Amino acid sequence: PVKVIAVTSGKGGVGKTNVSVNLATALASQGRGVMLLDADLGLANVDVVLGLSPRKNLSHVIDGEASLEEVLVSGPEGMHVVPASSGTQRMAELSHAEHAGLIQSFSELSHDIDYLIVDTAAGISDSVMSFARAAREVLVVVCDEPSSITDAYALVKVLNRDHDVQRFHMVANRVRSPREGEELFSKLSRVTTRFLDLTLDYLAAIPEDDALRKAVQRQRPVVQAFPGSPSGRALTDLARRVDQWP
Ligand code: ADP
Ligand code: MG
């Protein structure tokens, strides 16, 4: 079966899209079949980060104007990308069953898919809840800003308490030292343990890195453009760990 992994955060702009794109690229280069679904309906930008110019996107599927196959574009390392379009309101209006149905349909589209990576919007909107519920594992990206941890806790709380999501993996992004990542993890896991009786997994710390910014500018994943950079190595390692999950 396809493993569905949702990438979320409480706060916006913390690095979800870059984690999604690089996780997808690294898994694909490790020989896995990967589909990357842009589910950030407010600020869709997987296509921009990857330098793709899709003619059709998810909103055409929802409006019945395109088939699932028609919106797939190929991305780095042979992965399939499902682009979204910014500002689509229709998508946010779908029910949970419809979101889950989309995930299911895309994951069944091709036989060679091992992973479906879902890049979601920030926050606790209904569509984020639906996509995270439909996923098997949820990556929560945080960075060192006070609201990043409190917003991440709010997200984990709602997902866990109201939607019975259990498998959370924290990714610290833009850290200036390994220590900073560990501190972020202990802050978040302390409150989830205490108030939700929930144990988090500490998946990775991605350093603050000019190479990542440069890769964004070149519209390429950093794991491909600068594989030896600190963020490139950390993201490749993150993907290796994900691929070792049972
Ligand atoms: P989100 O999807 O959560 O909104 P993005 O992945 O689009 O966030 O990242 C937003 C911006 O933050 C990127 O375009 C990049 O400039 C910067 N950024 C993210 N992660 C890093 C990092 N590890 N090092 C340096 N800059 C980063
Ligand atoms: Mg994003």
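Please refer to the structure placed before this passage.
Report on the accompanying structure. (Residues numbered from 1 in each chain as written. Chains lettered and ligands numbered in written order. Predicted model: local features only at pLDDT ≥ 70, side-chain atom pairs only at ≥ 80, totals over all residues. Heavy atoms only, no water.)

1. Concerning the overall build of the protein
Definition in use: Labels follow the DSSP assignment, with helices taken as runs of H or I lasting at least four residues and strands as runs of E lasting at least two, numbered in each case from the N terminus. The globule rule used for comparison is 2.2 Å times the number of residues to the exponent 0.38, while the radius of gyration itself is calculated over C-alpha atoms. Relative accessible area decides the class of each residue, using a 1.4 Å probe on protein chains only: under 20% of the type maximum gives buried, over 50% gives exposed, and in between gives partly exposed. Whether two residues touch is decided by their heavy atoms; if any such pair falls within 4.5 Å, the residues are in contact. For accessible areas, the Shrake-Rupley method is used with a probe of radius 1.4 Å. Any residue's cover is judged against the shown protein chains and nothing else.
In terms of regular secondary structure, the protein is built from 12 helices and eight strands. For a compact globule of 246 residues, the expected C-alpha radius of gyration is about 18 Å, and the protein comes in at 17 Å, within 12% of that figure. The 246 residues of the protein split such that 54% are buried. Taking contacts inside the protein between residues at least 6 apart in sequence as the whole, the part at least 24 apart equals 75%. Surface summary for the protein: the accessible area is close to 10,800 Å², and the carbon and sulfur share equals 46%.

2. Some remarks on the environment of Asp47
Here Asp47 shows up in helix α2 (residues 46-49). In the structure, Asp47 is positioned 18 residues away from Ser29 in sequence and 19 Å away in space, judged by C-alpha atoms. The contacts of Asp47, once residues within four sequence positions are left out, are Asp38, Leu52 and Pro54.

3. Here's the deal with the environment of Asp114
Along the chain, Asp114 turns up in the loop between α6 (96-107) and β5 (115-120). Sequence spacing of Asp114 and Val21 is 93 residues, and the spatial spacing of their C-alpha atoms is 16 Å. Contact partners of Asp114, with chain neighbours within four places excluded, come to Pro1, Val2, Lys3, Arg32 and Gly33.

4. A word on the sheet that holds strand β6 (residues 137-142)
Operational definition: Being paired, for any two strands, means DSSP has found at least two bridges between them.
Here we have eight strands laid out as an open sheet, ordered β3-β4-β2-β5-β1-β6-β7-β8, and mixed in their pairing. The outermost strands of the open sheet, each flanked by one partner alone, are β3 (73-74) and β8 (201-207).

5. Some details on the nonpolar core
Looking at soluble globular proteins, one finds that nonpolar side chains tend to be buried together. To keep it simple, the criterion reads: Here the nonpolar core consists of buried residues drawn from Ala, Val, Leu, Ile, Met, Phe, Trp, Tyr and Cys, with membership extended through side-chain atoms lying within 4.5 Å.
With 39 residues, the main nonpolar core has Ile117, Leu139 and Leu238 as its most contacted residues. No other element matches the seven residues that helix α1 (residues 16-29) contributes to this core. Beyond its immediate chain neighbours, meaning those up to four positions away, Leu238 contacts Leu23, Val171, Leu203, Ala204 and Ile206.

6. With respect to the pattern of salt bridges
Test applied: A side-chain nitrogen of Lys or Arg and a carboxyl oxygen of Asp or Glu constitute a salt bridge if their distance falls within 4 Å.
Here the structure, examined in full by the defined rule, presents 12 salt bridges. We note a salt bridge from Glu208 to Arg174, for which the minimum N-O separation is 2.7 Å. Residue Glu208 is located in the loop between β8 and α10 (210-217), and its partner Arg174 is located in strand β7 (residues 168-175); the two are separated by 34 residues in the primary sequence. Judged by relative accessible area, which is 31%, Glu208 ranks as partly exposed. Among the ionic contacts, a cluster of salt bridges with common partners joins Arg174, Glu208, Asp210 and Arg213.

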